[in-house]
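Commentary on secondary and tertiary structure
Okay, here's what each chain looks like letter by letter:
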Amino acid sequence: MKSFVLETYPFLSMPSYDTNTTSDELVKDYASLIKGKVVLTTGVSPGGLGAAFVLAIAKAQPALLILAGRDLTKLEKTAADISASNPTIKTRNLRINLESLQSVRDAAAAVNSWSDAPAIDVVVNNAAIMACDYGISVDGFERQLASNHLGHFLLANLIMNKVLASKSPRVVFVGSAGHRFNPFRFDDYNFDDGKSYDKWRAYGQSKTANILTAISLAKKLGGRGLLAFSLHPGVIMTNIASHIDLSKDFKGADAVDYAMGNLEAFHSDMNFKSMERGVATHIYAAFDPNLSGVGGLAIVVESCSIYPSDQNGSYLLDCHVADPVTETVKPWAISRIEAEKLWTLSQKLVGQEFSY
């Protein structure tokens, strides 16, 4: 069947920003949108993307930056760095271990009790672990699944009333092009208790889950004003990879790419980004005013397939909405059917339903 385009949008082919855009550029452009906002960010340890994100947006006078992480000493260091460069910015530290559902519940209860934060404008689910050896969380889940997906799924939903109290609520999930390593394994998310475990496939499963969760939230709460997005920040050397031996462990990633038939298997060069470029898509997802609930991907009809024209729930990279036809966006990560299946399973795994 001959393909034809019903409607297109210029940001797909001519985005205002690109892979070279920096955090300082976006903070300058979005200053009026950042000012006065309350932003909660997970994974803000010094040297990581989360810390770079909050330090960048602090320059634009947000009302409150909520810094969430498991290590109080690291939270205090990031808070001190913010205060040193922007002494008028208010911060609050939130201890949370995303690998523990009880810790997530305790943290959410604390946030919900804070009277000085009646609304949370933006939640950035940034924390992650990557390609670690097999282990299980205190609740019995593979660690990358627990930390990267289940913890964030539960946190976002438990504080959702405060998010929806914002005039412009957004929830952002930091996914990865690494979602290409694996679809979600609905019937064996724990890799046969480690017997069939591959650390890159497990990472891929968790990042696929991040992308699908954004789609679900957009679908379920878009009508109430919520915008939800996922993103790939690029390849940046941060502390998430501090345990990885580049000469050995990346060979495992290459092997998965070969097995999956991914294009990345056939070229060895990596376009590493600076921290300033790497965190730019975080800022774009959290504040860009042109991202909305309507008018997203081009509607293309080909072999009876239709790509939706709704930006809400989109996967972003290099400060634009990713094109699933020409860029690394796997079909399993943007399927609304897969998203709904994951939502149902995630509710079961965390032991709580969220009826939106």
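Above this note sits the structure.
Fair warning: this is a prediction, and the values are worked out from it, not measured in the lab.

A word on the packing of aromatic side chains
- Inspection of every chain in the model, using the stated rule, returns 12 aromatic pairs.
- When the ring of Y17 is compared with that of Y30, the centres are 6.2 Å apart and the planes differ by 90 degrees; the resulting orientation is edge-to-face. With Y17 in the loop between β1 (4–7) and α1 (23–29) and Y30 in the loop between α1 and α2 (31–34), the pair connects residues that are 13 residues apart, well separated along the chain.
- Residue classification places Y17 among the buried residues on the basis of a relative accessible area of 14%.

Structural notes on the sheet that holds strand β11 (residues 320–321)
- Here we have eight strands laid out as an open sheet, ordered β4-β3-β2-β5-β6-β7-β10-β11, and mixed in their pairing. Either end of the sheet is taken by a strand with one partner, and the two such strands are β4 (91–95) and β11.
- As paired elements, strand β3 (residues 64–69) and β4 share five bridges and run parallel to each other. Note that in β4 the partner of I66 across the bridge is R92.

Let's talk about the pattern of salt bridges
- In this structure the tally under the stated criterion is 11 salt bridges.
- Here the salt bridges do not stand alone but share partners, grouping R70, E99 and R143 into one network.

Remarks on the side chain of T78
- For T78, the position within the fold is in helix α4 (residues 72–85).
- On the basis of relative accessible area, T78 is assigned to the buried category, the value being 1%.
- Filtering out sequence-adjacent residues up to four positions away, T78 remains in contact with V44, S45, P46, A51, V54 and L67.

Quick notes on the rules
Residues numbered from 1 in each chain as written. Predicted model: local features only at pLDDT ≥ 70, side-chain atom pairs only at ≥ 80, totals over all residues. Heavy atoms only, no water. Phe/Tyr/Trp six-rings, centres within 6.5 Å; stacked < 30°, edge-to-face > 60°. Helix = DSSP H or I, 4+ residues; strand = E, 2+ residues; numbered from the N terminus. Buried < 20%, exposed > 50% of the residue type's maximum accessible area, 1.4 Å probe, protein only. Pairing = 2+ DSSP bridges. Salt bridge = Lys/Arg side-chain N within 4 Å of Asp/Glu carboxyl O. Contact = heavy atoms within 4.5 Å.

Coordinates in, geometry out; function isn't part of it.
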